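# Summary of the model geometry
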Amino acid sequence: MAPSPAATIHPGAAVDPSARIGAGVSIGAFATIGADVEIGDGTVIDSHASITGPTRIGRDNRIHAFAAIGGDPQDKKFAGERTELVIGDRNTIREFATINRGTGNGGGVTRIGDDNWLLAYTHVAHDCRIGSHCVFSNNATLAGHVEVGDHVILSGFVGVHQFCRIGAHAFIGMGALVNGDVPPFVMVASDYGRPRGINAEGLKRRGFDPARIAAIKRAYRALYKSGANLAEARAQLVDLARDSEDVRALLEFIDRGERPLLR
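Nothing here was measured: the structure is a model prediction, and the numbers come from that model. (Residues numbered from 1 in each chain as written. Predicted model: local features only at pLDDT ≥ 70, side-chain atom pairs only at ≥ 80, totals over all residues. Heavy atoms only, no water.)

## Some thoughts on the sheet that holds strand β21 (residues 147-148)
Strand order in the open sheet made by the 8 strands is β3-β6-β9-β12-β15-β18-β21-β24, with parallel pairing throughout. Of all the strands in the sheet, the pair left with one neighbour each is β3 (20-21) and β24 (165-166). Bridging between strand β6 (residues 37-39) and strand β9 (residues 55-57) involves 3 bridges; their strand directions are parallel. Bridge pairing links Val-37 to Thr-55 in β9. (Pairing = 2+ DSSP bridges. Helix = DSSP H or I, 4+ residues; strand = E, 2+ residues; numbered from the N terminus.)

And the structure:
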């Protein structure tokens, strides 16, 4: 399909004839757009960026120079099967970020939501699922099959082990290595990441009132400060969840876990 007449494509860009380019898309010099790529209206792709299909990119995204989007998964089991990358709307992807497609035995799709910021040198591996309104600071790295909820912040040089989950509104401090599931609302810090309280400041900025924050703090104390084992802490959370939707969300996150909870 030919690009939309309203698209602006630099003569030095290489765009596969099968790529679907929306209205108002801008593609810079020496950018490469491969076969089976779809780019939504208003998206801006800077010079030297590379987008390989099958990849679907939504509206009004900004992809900066030298980003590599939709490449083959870095997985030895990948045998060339058809997999894809799906990116939502209004995301900012900075220089040298890398985002890989899924694998056949991992669900087949890497998926990124809306309104995220992926800063320079970030890496999103195969089969990851990222929510919306997240910030990944420079050099933050996700291994394969990682799940990240909405409004999560990864500071610079964070590394997340494969198959880990990070719940909504969590904050991971600079340089932390995450090798277990991080519950919603929790702050993690130190080299081998350890819980350090709740992300109270972030919650305030997102409109959580004092009562909601107090309930989350009580849940955190039950899980991390009471001295209870996980089964005992879970029983306390069940009681607290009766009066708090946020605690119910935290409890559901724990119950869905397949990897150990970060404690």
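Further notes follow.
## Topic: the environment of Arg-94
In this fold, Arg-94 is placed in the loop between β13 (92-93) and β14 (98-100). On the accessibility criterion, Arg-94 (28% relative accessible area) is partly exposed. As a C-alpha pair, Arg-94 and Val-15 span 79 residues in sequence and 21 Å in three-dimensional space. Setting aside chain neighbours within four positions, we find Arg-94 in contact with His-64, Ala-67, Leu-118, Leu-119 and Ala-120. There is a polar contact of 3.0 Å between the side chain of Arg-94 and the side chain of Glu-95. (Buried < 20%, exposed > 50% of the residue type's maximum accessible area, 1.4 Å probe, protein only. Contact = heavy atoms within 4.5 Å. Polar contact = N/O pair within 3.5 Å; in protein donor to acceptor, adjacent residues only side chain to side chain.)

## As for a positive patch on the surface
A surface patch of like charges, here positive, comprises Lys-204, Lys-217, Arg-218 and Arg-221. Element by element, the count of residues in the positive patch is highest for helix α2 (residues 210-225), at 3 residues. Of note, Lys-204 is situated in helix α1 (residues 200-205). (Patch = residues over 30% accessible without salt bridge, like charges linked within 9 Å, V, L, I, M, F, W, Y side chains within 5 Å. Areas by Shrake-Rupley, 256 points an atom, 1.4 Å probe, with all protein chains shown as cover. Salt bridge = Lys/Arg side-chain N within 4 Å of Asp/Glu carboxyl O. Lys, Arg positive; Asp, Glu negative; His and termini not counted. Charge placed at Lys NZ, Arg CZ, Asp CG, Glu CD.)

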